[in-house]
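Residues per chain are reported as follows:
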Amino acid sequence: MTSSGELFASLPSGIDICYETFGNAEDPPLLLIMGMGGPMNWWSVDFCERLAARGFFVIRYDNRDTGRSTKLDQHRVAKSTVYKAYLGRVTPPYGLADFAEDALGLLDHLELDQVNMVGVSMGGMIAQTICISHPQRVLSLTSIMSTTGKRTVGWQHPRVIPALMSSAGNTRDTYIARSLRASAVIGSPAFPAAEEATRARAIETYDRGWSASGTVRHMLAVLSATDRTEDLGKLDLPVTVIHGMKDPLVHRSGGKATAAAIPGADHIEIGGMGHDLPPALYDMFVEAIERNTKRSVSS
């Protein structure tokens, strides 16, 4: 499988985005957008290669403040600010619109006018934002374990908050330990992650440039987002919404609300799935994404 290796796009905004592609550049492009605190390696190579094998030109990238993309550490934010953000009392250093501009800047760098988009969690929110602000750039959207921004849907289970707010310490070992604890809290009960795989992902994430303060800035961007429900109702493109029925981080009501807001959206709920991408479900995800993009071609 052809892979570009890690490359960089220097955007007009001053943000540098690290990205990698899989497959043939002549195939239909598929942009993968990861969620809060997640670098591109959270889209596993196996998953990307499965999509490329279906005939897609797959693009994964590090969001700002993750991996090897630009870190905005000049915007230091205390964790206590997150609690204020729940009450709407915080102006974040950046928001979902800025993430959207990063993605669009990467597409410009790659000279791609239109792409199919797949977003997970916060990545789904970013993808929704792009669809709303630049619908001409999007061929199809697959929104996974995400929500609309409406506060009364897609809420977090109380047991998740301590895991999200706990310190990862200052060393690789403490970060790995926290990652294992978080995986146990938000992972899929019917498809438990192998500890070895979770540990390997945590090591790669830390070594590629993990930023604790960056994750807090991501949280603020999510918590400060406005309700997109009305604007989602204006979308006219193929959309598939996927959500786990055991998701403790973004309650399944977020997926239901997203699908209900978008005309003609397909809605898939998966029993026993939490807030992760279990390898046991890769084939299902790939088939759903492919099916959705074919709706784009035929429309």
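Read on for an overview of the structure. Bear in mind that the values here come from a model prediction, so they are computed numbers and not experimental data. Residue numbering note: each chain is counted from 1, following its sequence as written. Owing to the predicted nature of the model, reporting of local features is limited to residues with pLDDT of at least 70; listing and counting of side-chain atom pairs is limited to 80 or more, with chain, interface and lining totals taken over all residues. Working from all heavy atoms in the structure, the side-chain values ignore hydrogens and water.

**A short note on the packing of aromatic side chains**
Each pair of aromatic rings is reported with the distance of its centres and the angle of its planes.
Line of reasoning, step 1. In this analysis, rings of Phe, Tyr and Trp, with Trp reduced to its six-membered ring, are considered paired at centre separations within 6.5 Å, and the interplanar angle assigns stacked below 30 degrees, edge-to-face beyond 60, and tilted for intermediate values. For the structure on display, the rule yields 5 aromatic pairs.
Line of reasoning, step 2. Ring plane angle 55° and centroid distance 5.1 Å describe the contact between Phe47 and Tyr282, whose orientation is recorded as tilted. Here Phe47, found in helix α1 (residues 45-53), pairs with Tyr282, found in helix α11 (residues 282-298); they are 235 residues apart in sequence, far enough to count as distant.
Line of reasoning, step 3. A centroid spacing of 5.8 Å and a plane angle of 35° characterise the contact between Tyr175 and Tyr206, whose relative ring orientation is tilted. On the criterion of sequence distance, the pair formed by Tyr175 in helix α6 (residues 172-186) and Tyr206 in helix α7 (residues 195-207) is long-range, its members being 31 residues apart. The numbering of helices and of strands both runs from the N terminus, where a helix is a DSSP run of H or I of at least 4 residues and a strand a run of E of at least 2.

**Some words on the side chain of Thr129**
Line of reasoning, step 1. Relative to the elements of secondary structure, Thr129 occurs in helix α4 (residues 122-133).
Line of reasoning, step 2. Here, two residues are considered to be in contact whenever any of their heavy atoms come within 4.5 Å of each other. The residues touching Thr129, leaving out its near neighbours within four places in the chain, are Leu96, Ala97, Ala100 and Arg228.

**What to know about the sheet that holds strand β4 (residues 57-61)**
Line of reasoning, step 1. What the 8 strands build is an open sheet, ordered β1-β2-β4-β3-β5-β6-β7-β8; its pairing is mixed. Edge positions in the sheet fall to β1 (7-10) and β8 (266-270), since each has one partner strand and no second. Mean inter-strand twist for the sheet, computed between neighbouring axes without regard to direction, equals 25°.
Line of reasoning, step 2. Sheet topology note: the strand β3 (residues 29-33)/strand β5 (residues 115-120) ladder contains 4 bridges and is parallel. Across the sheet, the residue bridging to Leu31 is Met117, located in β5. DSSP calls a pair of strands paired once it identifies at least 2 bridges connecting them. Only the stretch in contact is used when a helix axis is fitted, and all axes are lines through C-alpha atoms; the angle between N-to-C directions ranges over 0 to 180 degrees.

Purely geometric stuff here, so don't read any function into it on its own.
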